[in-house]
Amino acid sequence: MHIRLINPNTTQAMTGRIGAAAMRIAAPGTRISATQPESGPVSIEGHFDEALAAVGVLDEIRRGDGEGVDAYVIACFGDSGLLAARELTAVPVIGIAEAAFHLATLISTHFSVVTTLGRTVVIAEHLLRAYGFEHHCRKVRAAEIPVLDLEEDGECAFERIAAECRRARDEDGVGAIVLGCGGMADLVGRLQTGVGIPVIDGVAAAVKLAEALGGLGLGTSKHGDLAFPRAKPYAGRFAYFGS
Ligand code: 5HY
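Not measured: the values here are computed from a predicted model.

Cut-offs used in this document
Residues numbered from 1 in each chain as written. Predicted model: local features only at pLDDT ≥ 70, side-chain atom pairs only at ≥ 80, totals over all residues. Heavy atoms only, no water. Patch = residues over 30% accessible without salt bridge, like charges linked within 9 Å, V, L, I, M, F, W, Y side chains within 5 Å. Areas by Shrake-Rupley, 256 points an atom, 1.4 Å probe, with all protein chains shown as cover. Salt bridge = Lys/Arg side-chain N within 4 Å of Asp/Glu carboxyl O. Helix = DSSP H or I, 4+ residues; strand = E, 2+ residues; numbered from the N terminus. Buried < 20%, exposed > 50% of the residue type's maximum accessible area, 1.4 Å probe, protein only. Near = heavy atom within 4 Å. Polar contact = N/O pair within 3.5 Å; in protein donor to acceptor, adjacent residues only side chain to side chain. 1 Å grid on protein atoms, 1.4 Å probe; cavity = no way out; pocket = protein on both sides within 12 Å on 5 of 7 lines; lining within 4 Å. Sits in = over half its atoms within 2 Å of the grid points. Nonpolar A, V, L, I, M, F, W, Y, C, P; charged D, E, K, R; others polar. Domains from an automatic or database assignment. Points joined across faces, edges and corners; volume = space filled by probe spheres on them. Pairing = 2+ DSSP bridges. Axes fitted to C-alpha atoms, helices over the stretch in contact; angles between N-to-C directions. Contact = heavy atoms within 4.5 Å. Core = buried A, V, L, I, M, F, W, Y, C linked by side-chain atoms within 4.5 Å.

Participant: In this structure, what is going on with a nonpolar patch on the surface? I would like to understand it.
Facilitator: A cluster of nonpolar side chains, Tyr 234, Phe 238 and Tyr 240, forms an exposed patch at the surface whose accessible area comes to about 250 Å². Structurally, the position occupied by Tyr 240 is in the segment after α9 (202-215). Accessibility expressed as a relative area gives 35% for Tyr 240, which makes it partly exposed.

Right under this line is the structure:
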């Protein structure tokens, strides 16, 4: 099967690292491709960025469906545009936050999240409630690093993330930690070794869940609210979505 990872921000280097992390854990026979929108924020660090990035995600879904992609992973911890993307396609669309939350609850009664900036904590908290995991998550923590510091100052960023993971392990009474950024995907092995409890990267979790859905022949339901959008014109810059 062909899984397309969509990095909703427009930083190519991060797309490459996310794609490489996915390829390392993909099953034999799974083809991985990774892309990002042509337009949009270079990093997603709040509600405004999420709103703009969602349109780019939808563009990538349209493009991927024209290329015969079998499943999509939205590789941003805000699960940017997830439900809208699911309306657009009949194949699975997995958000890395939702995927990581699911896997964390299969191995631990409680988990904490370590994300980037404090201002994005509320986005993760909204998703926990929306997905029904709020009683399983003890705390959403921020390492207080800008997303692109994961590209530009990797070792310092790693140390800050690792320190926050250790605090979660020691203070939160959790059995697992979820990494709250697609750009952290290639840090999971080092963090797992250093922190000593299970650390879950949503990119890997989403790839494996996409493989599972593909193996079961399950796609996005087109019955009900995730049915294809009703046919209508779209004005202005979105006219190309119209039918
Ligand atoms: C992400 N931002 O996974 C999120 C992380 C965050 O550009 N990719 C981004 O803090 O929400």
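Once the structure has been displayed, the description carries forward.
Participant: Would you mind showing me how to read the site of the ligand here?
Facilitator: The ligand sits among Asn 9, Ser 43, Ile 44, Cys 76, Phe 77, Thr 115, Thr 116, Thr 120, Val 147, Gly 180, Cys 181 and Gly 182. At 2.7 Å, a backbone N or O of Ile 44 approaches a nitrogen atom of the ligand. Thr 120 places a polar side-chain atom, nitrogen or oxygen, 3.5 Å from an oxygen atom of the ligand. Across the complex, the protein chains shield 98% of the 300 Å² of accessible surface that the ligand would expose by itself. In this structure, the ligand is accommodated by the largest cavity. Along the lines of polarity and charge, the residues of the shell around the ligand split into 5 nonpolar, 7 polar and no charged. Taken domain by domain, the makeup of the shell around the ligand includes at least three residues from each of domain 1 (2-95 + 204-235) and domain 2 (97-202).

Participant: Is there a simple way to think about the side chain of Arg 4 in this case?
Facilitator: Following the sequence through the fold, Arg 4 ends up in strand β1 (residues 2-6). Here the side chain of Arg 4 touches Ser 33 through a polar contact of 2.6 Å, side chain to side chain. Of note is the side chain of Arg 4, whose polar atom sits 2.7 Å from the side chain of Glu 67.

Participant: Hey, could you run me through the layout of surface pockets in this one?
Facilitator: Over the atoms, a rolling probe the size of a water molecule traces out where space has been left empty. When its volume is computed, the largest pocket comes out at roughly 370 Å³. Taken together, 17 residues make up the lining of the largest pocket; nearest its centre are Arg 62, Leu 88, Pro 229, Tyr 234 and Phe 241. Taken together, the elements giving at least two residues each to the lining of the largest pocket come down to α2 (47-66) and α3 (82-88). Of the residues forming the lining of the largest pocket, the biggest block, 4 residues, is contributed by α2.

Participant: In this structure, what is going on with empty space enclosed by the protein? I would like to understand it.
Facilitator: Scanning the model with the defined rule gives 1 cavity of 30 Å³ or more in all. Looking at the largest cavity, its volume works out to about 200 Å³. Surrounding the largest cavity, 21 residues form its lining, Ile 44, Cys 76, Phe 77, Gly 78 and Gly 180 being those nearest its centre.

Participant: What is the right way to read the sheet that holds strand β2 (residues 31-35) from this model?
Facilitator: Sheet architecture is open: 4 strands sit in the order β2-β1-β3-β4, paired in parallel fashion. Of all strands in the sheet, those bounded by a partner on one side alone are β2 and β4 (93-95). Strand-to-strand twist of the sheet, defined as the mean angle between neighbouring strand axes without regard to direction, takes the value 20°. Across 5 bridges, β1 lies against β2 in parallel orientation. Each bridged residue has a counterpart across the sheet, and for Leu 5 the counterpart in β2 is Ala 34. Against the sheet, helix α1 (residues 12-25) makes contact with β1 and β2, and its axis sits at roughly 165° relative to β2, the strand it touches most.

Participant: In this structure, what is going on with the nonpolar core? I would like to understand it.
Facilitator: General note: in soluble globular proteins, nonpolar side chains tend to be found buried as a group. Counting 59 residues, the largest nonpolar core has Leu 5, Phe 101, Phe 111, Ile 161, Val 178 and Leu 191 as the members making the most contacts within it. Counting contributing residues, this core receives three or more from each of domain 1 (2-95 + 204-235) and domain 2 (97-202). Ignoring sequence-local partners within four residues, the contact set of Leu 5 consists of Ile 18, Ala 22, Ile 32, Ser 33, Ala 34, Thr 35, Val 73, Val 203 and Val 207. Ranked by size, the runner-up nonpolar core spans 11 residues in total, among them Ile 61, Val 69, Tyr 72 and Val 91.

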